[in-house]
Amino acid sequence: MWAIRTVEEFSDDILSAWTERNRLHAQAAANIATPASRAALRAFMDRTDADRLPIPTTQWLGRTTIAGAYIAALTGASLSQVYSTTRDHGWRQAALDRPGRCPLRVPVTGTLGGIPWRDAVDYTEAGFLMRQLGTACFIVITYLTGMRPGEAAGLRSGCCPDPEPDSAGRTERHLITSTVYKTARDEDGNHRSEGEVRDAPWVAIAPVVNAIRVLERMVPPGQLLFDHHAHDLRGTRAGTGSLTVHTLGTRVEDFITWANHEAAARGLVHEVIPPDPHGRIGTERFRRSLAWHIARRPGGLVALAIQYGHLRTSVAAGYAARSRDGIHDLLDIETARATIDTVADLNAALEDGLGISGPAARRAIKAAATAPQYTGTVITARQARQILANPHLAVYDNPHTLLMCVYKRDKALCHRGLKDTPSLDRCVPTCANIARTDQRATGLRLRATALDQQAGHVPGPLGERLQSNAARLRDLADTHHRTRTTLQDGTA
């Protein structure tokens, strides 16, 4: 959330502030000492002292000091004039007593919690915010594409062109291309040092495209999106290339600290990123986190399901194929874990007296009975494929429709037996694969009550339709309680 917010809400303000900061910095360096510039500086200082206004300051090596370049740019004085005059008139000590900000005259358009996220961006924080913006782009790209950190670091400006509409006016999805070097070979098998275009592009959903567009504003055309010259603003590393994966990992941790500071400063306690019980986030866990969400929320994150549709297809040999197999294995493992968790939870609930109903209730009970053999097992990619191929473990909990799908392809009504997995966004109430637990029946009644409450606040026909839907949900709950079975009553 914070990474996408930074890219989509704050990026224009940060980039504009960085441009203005650089303009002021260059102006200050170019100012020439003249009597007129000294007079302008003295007038600025006199006004500030007369009204006891804060003095523009910055932090340098942990100490508060005069923001010399900022003052020089505002007054037209040279840097040497600023440093000598502030020293001679005691401003260095006064700055410790009256430290002030260095606001940039750039409009702020981004919001946080419904209000502008800054009154103004400060001259002294523009570089720091640029660093957070670059990190936010890295997080969005790696998390929402499944790229390895090194693959993201190798992207260049222009890697994600806007697709051309087809003859019918339809626009295809954005694709991200990149250059690979390790397996680049010519027709004779010789290594090609210039690399070659990766033969399996990534699909880019809107937040990823936005992040790439922001990075393209940060680097020159054709350059690496994470070029260290553009992102290492202190210039501490010589040579060419992208930020290292180690550096990016450190910046991810710094981004979390900054986001939490922003949330706490505005009282947004619910938006603080909690400490991770497994330690540092680093850069490698984004792919697994995404696989977890796709596996466990197959009907909820539709955009992500679309994003990863291409991962189930076969690709050519070489580096791109190995990359795709890696994320494919992650998806299989997380899907298998989700399956085992579902049947294990069902098994525990049934043993505690949970009731279950529906045409697939007995199949659900049998599947749940197999759960103990998998409890505590570390699942490998091979075991995951075996679990997913076991038709007796095809149990999917669907909280959105308040039912459970015990999938058999020949009985499915969601897509008429054309797929090996259900389409959970197309559940049909009369399907023979349906089972419903006491918890889901309670959910039906709660949803019916909510519909009745809504019906009292809308016009007649719409209210009647809501009441009709509420009655239908209560009928389903009543049917469940009449036909439910449990392990304890012996009917299972």
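Our subject in this report is the structure included herewith. Just so you know, these numbers come straight off a predicted model, no measurement behind them. (Residues numbered from 1 in each chain as written. Predicted model: local features only at pLDDT ≥ 70, side-chain atom pairs only at ≥ 80, totals over all residues. Heavy atoms only, no water.)

## Quick look at the pattern of salt bridges
Counted according to the given criterion, the structure contains 17 salt bridges. Among the ionic pairs, Asp 46 bridges to Arg 42, the shortest N-O distance being 3.8 Å. Here Asp 46 and its partner Arg 42 are both found in helix 2 (residues 35-50), four residues apart, which amounts to about one turn of the helix. The partly exposed category is assigned to Asp 46, whose relative accessible area is 40%. (Salt bridge = Lys/Arg side-chain N within 4 Å of Asp/Glu carboxyl O. Helix = DSSP H or I, 4+ residues; strand = E, 2+ residues; numbered from the N terminus. Buried < 20%, exposed > 50% of the residue type's maximum accessible area, 1.4 Å probe, protein only.)

## Quick notes on the sheet that holds strand 3 (residues 99-100)
Taken in spatial order, the three strands of this open sheet run 2-1-3, and their pairing is mixed. The sheet terminates laterally at strand 2 (63-66) and strand 3, the two strands that pair on one side only. For strand 1 (residues 55-60) and strand 3, the ladder comprises two bridges, and the chain directions are parallel. In the sheet register, Pro 56 faces strand 3, and the bridge partner there is Gly 100. (Pairing = 2+ DSSP bridges.)

## A closer look at the environment of Leu 41
Topologically, Leu 41 is positioned in helix 2. Leu 41 sits 31 residues away from Ala 72 along the chain, and the two C-alpha atoms are 7.9 Å apart. Residues within four places of Leu 41 in sequence aside, it is in contact with Ile 71, Thr 75, Ala 77, Gln 81, Val 82 and Thr 85. (Contact = heavy atoms within 4.5 Å.)

## Some points on the packing of aromatic side chains
Summed over all chains, the structure comprises six aromatic pairs. Where Phe 10 meets Trp 117, the ring centres are 4.1 Å apart and the plane angle is 10°; that geometry is what we call stacked. Separated by 107 residues along the polypeptide, Phe 10 in helix 1 (residues 2-30) and Trp 117 in the loop between strand 5 (115-116) and helix 6 (126-145) bring together distant segments of the chain. The residues Phe 10 and Trp 117 share a single accessibility class, namely buried. For the pair Phe 255 and Trp 258, a centre-to-centre distance of 5.6 Å together with 50° between the ring planes defines the contact as tilted. One end of the pair, Phe 255, and the other, Trp 258, are both in helix 10 (residues 245-265), three residues apart, so they sit about a helical turn from each other. What makes Trp 258 buried here is its relative accessible area of 5%. Put simply, the rings of Trp 2, Phe 255 and Trp 258 pair up and form one aromatic cluster. Positioned above the aromatic ring of Trp 2, the side-chain terminus of Arg 5 is 4.6 Å from the ring centre. (Phe/Tyr/Trp six-rings, centres within 6.5 Å; stacked < 30°, edge-to-face > 60°. Lys NZ or Arg CZ within 6 Å of the ring centre and 35° of its normal.)

## Some thoughts on helix 16 (residues 438-455)
When the terminal C-alpha atoms of helix 16 are compared, their 26 Å separation across 18 residues agrees well with the 26 Å that a helix rising 1.5 Å per residue should span. If you check which residues of helix 16 are buried, you get Asp 438, Arg 440, Ala 441, Gly 443, Leu 444, Ala 448, Leu 451 and Ala 455. (Expected span 1.5 Å × (residues − 1).)

## Overview of the nonpolar core
In this structure, Ile 141, Ile 176 and Val 208 are the most contacted members of the largest nonpolar core, which totals 73 residues. Of all the secondary structure elements, the ones that give two or more residues to this core are helix 1, helix 2, helix 3 (68-75), helix 5 (91-97), helix 6, strand 9 (202-204), helix 8 (206-218) and helix 10. Sort the elements by how many residues they give to this core and helix 6 lands first, with eleven residues. Residues contacting Ile 176, with those up to four places away along its chain left out, are Thr 145, Met 147, Leu 155, Cys 159, Cys 160, Pro 201, Trp 202, Ala 204, Val 208 and Ile 212. In terms of nonpolar packing, the next biggest core, distinct from the first, is built from 17 residues, Ala 364, Ile 365, Val 406 and Ala 435 among them. (Core = buried A, V, L, I, M, F, W, Y, C linked by side-chain atoms within 4.5 Å.)

## A closer look at the sheet that holds strand 12 (residues 403-406)
The antiparallel open sheet is built from four strands, whose spatial order is 10-13-12-11. Strands at the two margins of the open sheet, each flanked by one partner only, are strand 10 (356-357) and strand 11 (395-398). As judged from the two bridges shared by strand 12 and strand 13 (residues 434-437), these two strands associate in the antiparallel manner. The residue bridging Cys 405 from the neighbouring strand is Ile 434, located in strand 13. Where helix 16 meets the sheet, it contacts strand 11, strand 12 and strand 13, and its direction lies at approximately 80° from that of strand 13. (Axes fitted to C-alpha atoms, helices over the stretch in contact; angles between N-to-C directions.)

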